Amino acid sequence: VGKSTIASALAILLSQQGHRVGLLDADLFGPSVPLLFGLQDEKLQVKQVHDKQFLVPFTKNGLKLMSIGFLVEPHQAAVWRGPRVSAVVSQLLNDTDWGELDYLLIDTPPGTGDIHITLLQNFSLSGVVIVTTPQEMSLVDVKKSINLFQSDKLSIPILGIVENMSWFTPIKHPDEKYFLFGKGGGEAIAKEFHVPLLSQIPMDESICTNCDEGRLEKMLTSKGIAQAFDVLIQQMLHRIING
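Since the structure is predicted, the reported quantities are computational estimates derived from the model, not experimental observations.

Undergrad: Quick question: what am I supposed to make of the nonpolar core here?
TA: Taken as a class, soluble globular proteins show a tendency for nonpolar side chains to be buried jointly. Core analysis: the biggest nonpolar cluster contains 52 residues, and Phe-37 and Phe-229 have the highest contact counts within it. Considering each element in turn, this core owes the most residues, eight residues, to helix H1 (residues 3-16). Each residue touching Phe-229, except ones within four places of it in the same chain, is listed here: Ile-6, Ala-9, Leu-13, Ile-201, Met-219 and Leu-220. Val-128, Ile-130, Ile-156 and Ile-189 belong to the second largest nonpolar core, which has 15 residues in total.

Undergrad: Just checking my understanding: could you explain the sheet that holds strand S8 (residues 158-168) for this structure?
TA: As a general point, the strands of a sheet are linked pairwise by backbone hydrogen bonds and lie either parallel or antiparallel. On the basis of which strands lie adjacent, the open sheet formed by three strands has the order S7-S8-S9 and parallel pairing. Only two strands of the sheet have a single neighbouring strand rather than two, namely strand S7 (128-132) and strand S9 (197-203). Put simply, the sheet's adjacent strands are angled 25 degrees from each other on average, direction ignored. Examined bridge by bridge, S7 and S8 share five bridges and lie parallel to one another. Counterpart to Ile-130 in the pairing with S8 is Ile-161. Those strands touched by helix H6 (residues 185-193) are S7, S8 and S9, and its axis lies near 160 degrees from that of S8. Here helix H9 (residues 223-242) sits on the sheet and contacts S7, S8 and S9; the angle it forms with S9, its principal contact strand, is near 160 degrees.

Undergrad: Looking at this structure, I do not really get the sheet that holds strand S6 (residues 103-107). What am I missing?
TA: With mixed pairing, the four strands of this open sheet are ordered in space as S4-S5-S1-S6. One side of each edge strand has no neighbouring strand; the edge strands of this open sheet are strand S4 (58-60) and S6. The mean inter-strand angle of the sheet, taken between neighbouring strand axes irrespective of direction, is 25 degrees. Where S4 lies against strand S5 (residues 63-67), three bridges are found, and the strand directions are antiparallel. The residue bridging Lys-60 from the neighbouring strand is Leu-63, located in S5.

So, how was this worked out
Residues numbered from 1 in each chain as written. Predicted model: local features only at pLDDT ≥ 70, side-chain atom pairs only at ≥ 80, totals over all residues. Heavy atoms only, no water. Core = buried A, V, L, I, M, F, W, Y, C linked by side-chain atoms within 4.5 Å. Buried < 20%, exposed > 50% of the residue type's maximum accessible area, 1.4 Å probe, protein only. Helix = DSSP H or I, 4+ residues; strand = E, 2+ residues; numbered from the N terminus. Contact = heavy atoms within 4.5 Å. Pairing = 2+ DSSP bridges. Axes fitted to C-alpha atoms, helices over the stretch in contact; angles between N-to-C directions.

Structural data, given as structure tokens:
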């Protein structure tokens, strides 16, 4: 549904506003951050502080970036069971030299598995942004995630819903909209769970190329996409600050 693209774009925009921002790619089985930022061939450095070693995050677009993709070969599969998964996620968070940050965004994998439970039980989170696309297949999985975050045992604030790929608008025909994946899914699920629909993010033909080439920031110069992310970041920060 584009969670990594949304998380990375939000991190870039927060940094452009002058905030100190970190982005953790917590999808251990399918990390996307190295590709999105053109760093897939880079390897991390380690620094020694007293008797402990820390991972040094990459800095690009003003962001501090951490991903398991910086520690393994691009085509290497992560064959780990639950306890190992939880330990690696905790290590990436605790053993990275983040420095002083205003915001740390965590890009999670789909579903409601060990990675989510580790984050929710062991770390203090300001809130969750749910990313969906309009079609029913996406909404079914999203509802499960919302139920997890709203459960009595966890009760993590849901900042709102982002509907990604809401429609396709050709660059040469900016007034046209084609609803390739249906219409209204994000609004419906926001009403069902009584959470705000933060923004609807459109598509155009430049997105795939910019992401594959590690030029995510260029995607944000497209007028329709830039406007949608403007709304998203304003709404998200308002919810974080005011509850």
